[in-house]
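Below, each chain spelled out in residue letters.
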Amino acid sequence: MSTIHWTEGSVRRSARWHSENGTPLPRRTVVVDDRTRADDAYHHACAGTALLWRGDFHNARHLLQAMGRRIDRTPPTPGTSPAETYRLHRRDSGHRARVLGRLLVLLDDDYGLALRRAPDVRRACLEAYGPPKGPMAVSLRELLGVTGAHQWRLKGVEVPMLGARVHPHYDVFAPVRGEYVDLVAEAPLPPAVRCAPAGAMAFDLGTGTGVLAAVLARRGIGRVVATDISPRALACAEENVRRLALTGRVQVWGPGLFPEGRADLVVCNPPWIPARPTGPVEQGVFDPDGAMLHGFLAGLAARLRPGGEGWLVLSDLAELLGLRTRAHLLDAVRAAHLRVVDRIDTRPRHRRSRDTTDPLHAARRAETTSLWRLTTAA
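An unreviewed UniProt entry annotates the chain as Methylase of polypeptide subunit release factors originating from Streptomyces calvus.

Draft legend 1. Region of interest: the sheet that holds strand S11 (residues 250-253). Ordered by their spatial adjacency, seven strands build an open sheet running S11-S10-S9-S12-S13-S15-S14, and the pairing between neighbours is mixed. Looking at strand neighbours, the two that pair on one side only are S11 and strand S14 (338-346), the edges of this open sheet. In this sheet, adjacent strand axes meet at a mean angle of 20 degrees when their direction is disregarded. Judged from the four bridges that link them, strand S10 (residues 223-227) and S11 form a sheet pairing that is parallel. Bridge assignment links Val224 to a residue of S11, and that residue is Val250. Across the sheet, helix H10 (residues 291-300) lies against strand S9 (201-205), strand S12 (263-268), strand S13 (304-315), S14 and strand S15 (369-376), angled at about 165 degrees from S13, the strand it touches most. In the packing of helix H12 (residues 326-335) onto the sheet, the strands contacted are S13, S14 and S15, and the crossing angle to S14 comes to about 140 degrees.

Draft legend 2. Region of interest: helix H2 (residues 57-72). Taking 1.5 Å per residue as the helical rise, H2 with its 16 residues ought to reach 22 Å, and the 23 Å between its terminal C-alpha atoms agrees with that figure. When we look at burial in H2, the residues that qualify are Phe57, Ala60, Leu63, Leu64, Ala66, Met67, Gly68, Arg70 and Ile71. On its buried side, H2 packs onto helix H1 (38-46), strand S4 (49-53), helix H3 (82-100), strand S5 (103-107) and helix H5 (140-155). In this structure Asp56 caps H2, since a side-chain oxygen of it lies 2.9 Å from the backbone nitrogen of His58.

Draft legend 3. The arrangement of the nonpolar core in detail. With 59 residues, the main nonpolar core has Leu162, Val184, Ile221, Val266, Phe296, Leu297 and Leu374 as its most contacted residues. Here this core gets seven residues from one element, more than from any other, and that element is helix H8 (residues 211-218). In terms of nonpolar packing, the next biggest core, distinct from the first, is built from 35 residues, Ala38, Trp53, Ile71 and Val138 among them.

Draft legend 4. Main features of unusual backbone geometry. Following Gly254, the chain continues to Pro255 via a peptide bond in cis, the omega torsion being 5 degrees. With respect to the helices and strands, the residue Pro255 is situated in the loop between S11 and S12. Its identity as a non-glycine residue notwithstanding, Tyr111 has a phi of 70 degrees, on the positive side. Note on placement: Tyr111 falls in the loop between S5 and helix H4 (122-129). In the Ramachandran plot, His337 falls in the positive-phi region, its phi being about 60 degrees despite a non-glycine side chain. Structurally, His337 is set in the loop between H12 and S14.

The rules behind each value
Residues numbered from 1 in each chain as written. Predicted model: local features only at pLDDT ≥ 70, side-chain atom pairs only at ≥ 80, totals over all residues. Heavy atoms only, no water. Pairing = 2+ DSSP bridges. Helix = DSSP H or I, 4+ residues; strand = E, 2+ residues; numbered from the N terminus. Axes fitted to C-alpha atoms, helices over the stretch in contact; angles between N-to-C directions. Contact = heavy atoms within 4.5 Å. Expected span 1.5 Å × (residues − 1). Buried < 20%, exposed > 50% of the residue type's maximum accessible area, 1.4 Å probe, protein only. Polar contact = N/O pair within 3.5 Å; in protein donor to acceptor, adjacent residues only side chain to side chain. Core = buried A, V, L, I, M, F, W, Y, C linked by side-chain atoms within 4.5 Å.

Dropping the structure here:
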């Protein structure tokens, strides 16, 4: 267990250090409050000093915003190619996360936040971190993410294709980009499934919230096995399956990628960017070296029933950013003894595709999300 130390008044104090993205223990920590100037806080944070906030909670949020504005004074460095633009964007994003992540707050031994005008964050922290183990120091930025995730979990995300809400947990990818859900809801089912859907079996690999498993069940497939490697995702999918009254149709299994047995339909929506995440929160977007993508392709042929299909839902954003080529993807399909039956495309509707201030705007605007229908090669 990592422990953070600081001096408050003349008293030496300590607490457990926690960072979801694996930020190392700060080398030095100083106490700051409402009297701290934003310029001073920013310079301390840039130098690697952690700032433990002991003032008003809302003033801490204002200070975090002010530090962010100081980072934004330096415009993004343009790249000479999409791949370099992406690399520089990740570098700048990492710098921003490191600097803003140095403004800390102290959670009590029951996750209480002893700051003026502080909200009650105990339930949100319990959901994200599990049972408390004594006082814990976390970045304010992370805590705001935890409380925001709690609100998402309470309110849920409307999924039109289900006519219901799905409730994401902390660190589980929320189905806010509806195009991939629509693709799975509307693609033609394999002939064997169309003829006898109630007797068919489907796998949803990397289920996350369980949204695609629920869509498959609502399409009439008799049994769906939803898998994931993340314990948080498995718990989230279990809860959503219960909420949607699909417990008898959808089985949540894991941790792992493929369950035992074979299926008439295997669906996988892997993270779309073949790069290393900076922490667990990014695992729904980043897939180091395309490990999940290649794991799905390599294992698919052995898990399909005769006449079955694998559906790969994948954005071409990595191709547009120069991180993967279309030829690389098709070579991986052939190497797995698979062939492409069809490809169904859709364009993005999400807000970031229209954000001209995003350094990756050109790629996001041109992005296409595809459902690749795969079957075993003859």
